[in-house]
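Reading the structure
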Amino acid sequence: MGNVMAYSGLVTKVRAMQAKLLTDQDFVNIAGLHSVPEVVEYLKGKPAYADALERMDETLYHRGNIEKVLGQSLYEDYSRIYRFAGMKQKQFMKGFWKQYEIALINYCLRIVFNHYEIPFDLDYKKEYFDRYSQISIDKLVTSESIDELVDNLRETEYYEPLQKLRDSGETTLYDYNMALEQYYFRNAWNKQRKALNKKEREFYSRDCGTKIDLLNLEWIYRAKKYYQMLPPDIYLMMIPIHYRIKIDEFKMLVEAPSVEQFMQLLGGTYYSRYFESAREHISLEQLYRECLHRLYLTDRRRDPYSIATVNTYLFLKEEEIDKLTTALECIRYGLTPRETLGYLGGVSQ
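Scope of this entry: the structure provided in the associated data block.

What counts and what doesn't
Residues numbered from 1 in each chain as written. Predicted model: local features only at pLDDT ≥ 70, side-chain atom pairs only at ≥ 80, totals over all residues. Heavy atoms only, no water. Salt bridge = Lys/Arg side-chain N within 4 Å of Asp/Glu carboxyl O. Helix = DSSP H or I, 4+ residues; strand = E, 2+ residues; numbered from the N terminus. Buried < 20%, exposed > 50% of the residue type's maximum accessible area, 1.4 Å probe, protein only. Axes fitted to C-alpha atoms, helices over the stretch in contact; angles between N-to-C directions. Parallel < 35°, antiparallel > 145°, perpendicular 65-115°, else oblique. Left-handed = near helix turned anticlockwise from the far one by under 90°. Contact = heavy atoms within 4.5 Å. Nonpolar A, V, L, I, M, F, W, Y, C, P; charged D, E, K, R; others polar. Phe/Tyr/Trp six-rings, centres within 6.5 Å; stacked < 30°, edge-to-face > 60°. Lys NZ or Arg CZ within 6 Å of the ring centre and 35° of its normal. Expected span 1.5 Å × (residues − 1).

Quick notes on the pattern of salt bridges
Pairing is possible between side chains that carry opposite charge, provided their charged atoms lie close to one another. This structure, assessed with the given rule, holds 21 salt bridges. For Asp 147, the salt bridge identified is with Arg 166, shortest N-O distance 3.7 Å. Of the two residues, Asp 147 is situated in helix H9 (residues 146–151) and Arg 166 in helix H10 (residues 159–167); the sequence distance between them amounts to 19 residues. A residue is classified by how much of its surface remains accessible, and Asp 147, at 45% relative accessible area, is partly exposed. With relative accessibility at 17%, the residue Arg 166 sits in the buried group. Among the salt bridges present, the one from Glu 320 reaches Lys 317, with a minimum N-O distance of 4.0 Å. Taken together, the residues span about one helical turn, with Glu 320 and Lys 317 both in helix H18 (residues 307–332) at a distance of 3 residues. Across the pair, Lys 317 and Glu 320 agree in class, each one buried.

Okay, here's the thing in structure tokens:
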């Protein structure tokens, strides 16, 4: 009863927001459109995006600006939920926000590493990062080198892992991305779970652990198939947490001499039934999203008056934005509706 009381208001709020998510039919309709302005006009009829798009000047109807509106929509939803959350729930959500911080740092790293001359355009994020984040966008946008960028994170938790990497010698953008990814999941596994009660911790462990396992398997597969990486190098890119994969299984997967033997060994693990379909009709990225989609919906169904409702909603919102971004890119390149839906994945026609 205590959990129902603690979550009743928050769950009511999230359910109202859930009703505004796009449906499969919406994505079928969007896939049939012929230009970005047509997508904008369609989204103006959807409550989640109508206000922001109505305020946008028609001369700004291009993919980059639309993606900013989509990003703002996600941050605004996070804000709405945060305002309704209790102290314990807020603690969990602060941990959840870290993935947005890491995405921002990675964006800034790409700008610096690739010496892009275009200006940083992060103003649309600033309001939310000023409110919820330990990171100062104003500081990051002044970074003209990796040394400056890392130093501008000195007052944050990300400084130590990045500073150690910087001082280790010659490093690549990929090294920094992997360091941040590993840091995020170690934090999610070791610290964020502590903000939850026993029952919530069980499903969060399942979700987070499955995500880590699937990412590690995907990275091993890619390292072998596309980059012919050796086992010592593969070990360096792994998240050092094992959930459903035993350590000896993990070792054999990393050290498998070929992709074919990797897939054969995978058949003896807990995830064999998931990866079987990857050979037939969907990519590993789609498989990863579909597995998590099922897990989140199952958690919410089993325990709706818990943090599962928040976790699931934010996952579904991110999934919606990813699909919209993909659809915009497909339409911009003139793909057919069938081709666009193929890239979206998980849309019933």
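Here the narrative resumes.
Some details on the packing of helix H6 (residues 87–113) against H18
Following both chains from N to C, one finds H6 and H18 inclined at 25°, their axes separated by 11 Å at the closest point. The angle between H6 and H18 falls in the class roughly parallel. Judged by the sense of rotation from one axis to the other, the crossing of H6 with H18 is right-handed. Residue-level inspection shows Gln 89, Phe 92, Met 93, Phe 96, Gln 99 and Tyr 100 of H6 in contact with H18, the latter providing Ile 307, Val 310, Asn 311, Leu 314 and Glu 318. A per-class count over the contact of H6 with H18 returns 7 nonpolar, 3 polar and 1 charged.

Structural notes on the packing of aromatic side chains
Counted by the stated rule, this structure contains 22 aromatic pairs. When the centroid spacing of 5.1 Å and the interplanar angle of 75° are considered together, the rings of Tyr 184 and Phe 185 count as edge-to-face. You can call Phe 185 buried: its relative accessible area is 4%. A connected cluster of aromatic rings, assembled from ring pairs, spans Tyr 75, Tyr 78, Tyr 82, Phe 96, Trp 97, Tyr 100, Tyr 128, Phe 129 and Tyr 132. Above the face of the Trp 189 ring, Arg 193 is positioned so that its terminal group lies 4.0 Å from the ring centre. A cation over an aromatic ring shows up here: Arg 244 above the ring of Tyr 270, its NZ or CZ 4.6 Å from the ring centre.

Digging into H6
The first and last C-alpha atoms of H6 sit 39 Å apart over 27 residues, in line with the 39 Å expected at 1.5 Å per residue. Positive backbone phi, approximately 55°, marks His 115, located one or two places after H6.

With respect to unusual backbone geometry
In the Ramachandran plot, His 115 falls in the positive-phi region, its phi being about 55° despite a non-glycine side chain. Tracing the backbone through its elements, the reader meets His 115 in the loop between H6 and helix H7 (123–132). Judged by its relative accessible area of 64%, His 115 falls in the exposed class. Despite not being glycine, Gln 228 shows a phi value in the positive range, around 50°.

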